[in-house]
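Coordinates in review
Below are the chains, spelled out letter by letter.
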Amino acid sequence: MAELVSGIATKVIEKSLTTAFHELLRRRTEAAAQILLSQLASGDANIADIADIDEAVAMVFEYISAAHRGAARANLRLMAQVLQGQIQNSPPLYADNFLRWASLLASISREEIIAVTAYREMWKRHEAEREGNLPNAGQDNHENDALIGPGKVFKNGPEFHRTISALS
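Please read these numbers as outputs of a predicted model, since none were measured by experiment. (Residues numbered from 1 in each chain as written. Predicted model: local features only at pLDDT ≥ 70, side-chain atom pairs only at ≥ 80, totals over all residues. Heavy atoms only, no water.)

**So, the overall build of the protein**
Under the convention used in this document: Secondary structure follows DSSP: runs of H or I at least 4 residues long count as helices, runs of E at least 2 residues long count as strands, and numbering of each begins at the N terminus. Remark: exposure states derive from per-residue accessible area (1.4 Å probe, protein chains only) relative to the maximum for the residue type, with buried under 20%, exposed over 50%, and partly exposed in between. Computed with a 1.4 Å probe, the accessible areas rest on the Shrake-Rupley method; for each residue, only the protein chains presented here act as cover.
Each helix and strand counted, the protein has six helices and zero strands in total. Taken from the N to the C terminus, the helices and strands of the protein come in the order α-α-α-α-α-α. Put simply, the protein has 168 residues, and 27% of those count as buried. Of the roughly 11400 Å² of accessible surface on the protein, a fraction of 57% belongs to carbon and sulfur atoms.

Structure follows, in C-alpha cells:
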C-alpha cells in the first residue's frame, strides 16, 4: 500500500513540476516577445523586408532561448536592440552576426552594461574632441563621478577599468 501511495505521489509531483516548468517558459516567452516587438516597433526595422526567413528564425530562436535560460529584461532589451539594428542596417540578414553577440549580451551583468555604456560615451566624447566637434574640449569632465566611489556601481577607478578590460 505504501508503495502505491509513493508511486502516486511521485506522479503528482512530476506532473506539477512539468506544468510549472511549462508555465515558466510560457511567461518568459511572452515577456521576451513583448520586449522584442516593442523594440522593433520603435525603429525602422521592417520584418516584411527580410529575404531569408531562416536567418531571422535563427536569431529569434536564440533570443527566446536566452529568455528561457533566465536572461534579465535589460539583457533582452540589448539583444532586441542588436537584432533590430541588424534588420535595419544589414541587408542581407545573417544570423551569425547576431549569434556572435547574443551569448555575451544574454549574460552581461548590470555593472558591465553600465561600464560599457560609460566607456562608449567616453569614447564618443574623445572622438568628438579629436575631430574638434566638442564645444567644451580640453575641459576636465567628470562623467563617471556618478558611477565610481563609495556606495556607487564601482568602488574605485581600477574596478571600473578592470570591468572594461574584462569585456574587451
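**Considering the nonpolar core**
Put simply, the rule is: Residues belong to a common nonpolar core when they are buried Ala, Val, Leu, Ile, Met, Phe, Trp, Tyr or Cys residues joined through side-chain atoms within 4.5 Å. Two residues qualify as a contact provided that any one of their heavy atoms is within 4.5 Å of a heavy atom in the partner residue.
Of all hydrophobic cores here, the largest spans 23 residues; its most connected members are Tyr63, Leu76, Met79 and Phe98. Looking at this core, the elements that each hand over two or more residues are α1 (2–41), α2 (53–68), α3 (73–89) and α4 (95–107). With six residues, α2 is the largest single contributor of residues to this core. Excluding anything up to four places from it in sequence, Phe98 contacts Met59, Glu62, Tyr63, Met79, Val82, Leu83 and Gln86. Of all hydrophobic cores here, the second largest spans six residues; its members include Ile114, Leu147, Phe154 and Phe160.

**Observations concerning α3**
Selection rule: Take the residue count of a helix, subtract one, and multiply by 1.5 Å to get its expected span.
Taking 1.5 Å as the rise per residue, α3 with 17 residues should run 24 Å; its terminal C-alpha atoms sit 24 Å apart, in good agreement. Burial in α3 covers these residues: Asn75, Leu76, Met79, Ala80, Leu83, Gln84, Gln86 and Ile87.

**So, α4**
Applicable threshold: Bend at a given residue is defined as the angle between two axes, one fitted to the seven residues that end at that position and one fitted to the seven that begin there.
The end-to-end C-alpha distance of α4 is 19 Å, a good match for the 18 Å that 13 residues give at a rise of 1.5 Å each. Approximately 30° is the largest bend angle found in α4, and it occurs at Trp101. Listed in full, the buried residues belonging to α4 are Ala95, Phe98, Ala102, Leu105 and Ala106. In the core, the buried residues of α4 are packed alongside α2 and α3.

**A look at the pattern of salt bridges**
As a reminder of what qualifies: In what follows, salt bridge is the name for a side-chain nitrogen of Lys or Arg lying within 4 Å of a carboxyl oxygen of Asp or Glu.
As enumerated under the stated definition, the model contains four salt bridges in all. Its salt-bridge partner being Glu23, residue Arg27 comes within 3.7 Å of it at the nearest N-O pair. Taken together, the residues span about one helical turn, with Arg27 and Glu23 both in helix α1 at a distance of four residues. Residue class for Glu23 comes out partly exposed when judged on its relative accessible area of 30%.

**Examining the packing of α1 against α2**
To keep it simple, the criterion reads: To obtain an axis, a line is fitted to C-alpha atoms, over the contacting stretch when the element is a helix, and the angle between two such axes runs from 0 to 180 degrees between their N-to-C directions. Put simply, angles under 35 degrees are roughly parallel, angles over 145 are roughly antiparallel, angles from 65 to 115 are roughly perpendicular, and the rest are oblique. It is the rotation of the near helix from the far one that decides the hand of a crossing: anticlockwise by less than a right angle makes it left-handed, clockwise makes it right-handed. Nonpolar residues are Ala, Val, Leu, Ile, Met, Phe, Trp, Tyr, Cys and Pro. Charged residues are Asp, Glu, Lys and Arg, and all others, Gly as well, are polar.
Between α1 and α2, the shortest axis-to-axis distance is 9 Å and the interhelical angle comes to 130°. In this view, α1 runs oblique relative to α2, as classed from their interaxial angle. Crossing hand, α1 versus α2: right-handed. Residues Leu25, Arg28, Thr29, Ala32, Ala33, Ile35 and Leu36 of α1 form the contact with α2, whose participating residues are Val60, Tyr63, Ile64, Ala67 and His68. Taken together, the residues that form the contact of α1 with α2 break down as nine nonpolar, two polar and one charged.

**Side note on the side chain of Gln86**
What counts here: Side-chain atoms alone can form a polar contact between residues adjacent in sequence; in general such a contact is a pair of N or O atoms within 3.5 Å, and within protein one must be able to donate a hydrogen while the other accepts it.
The topology assignment puts Gln86 in helix α3. You can call Gln86 buried: its relative accessible area is 11%. There is a polar contact of 3.2 Å between the side chain of Gln86 and the backbone nitrogen of Phe98.

Don't take any of this as a statement about function, it's just geometry.
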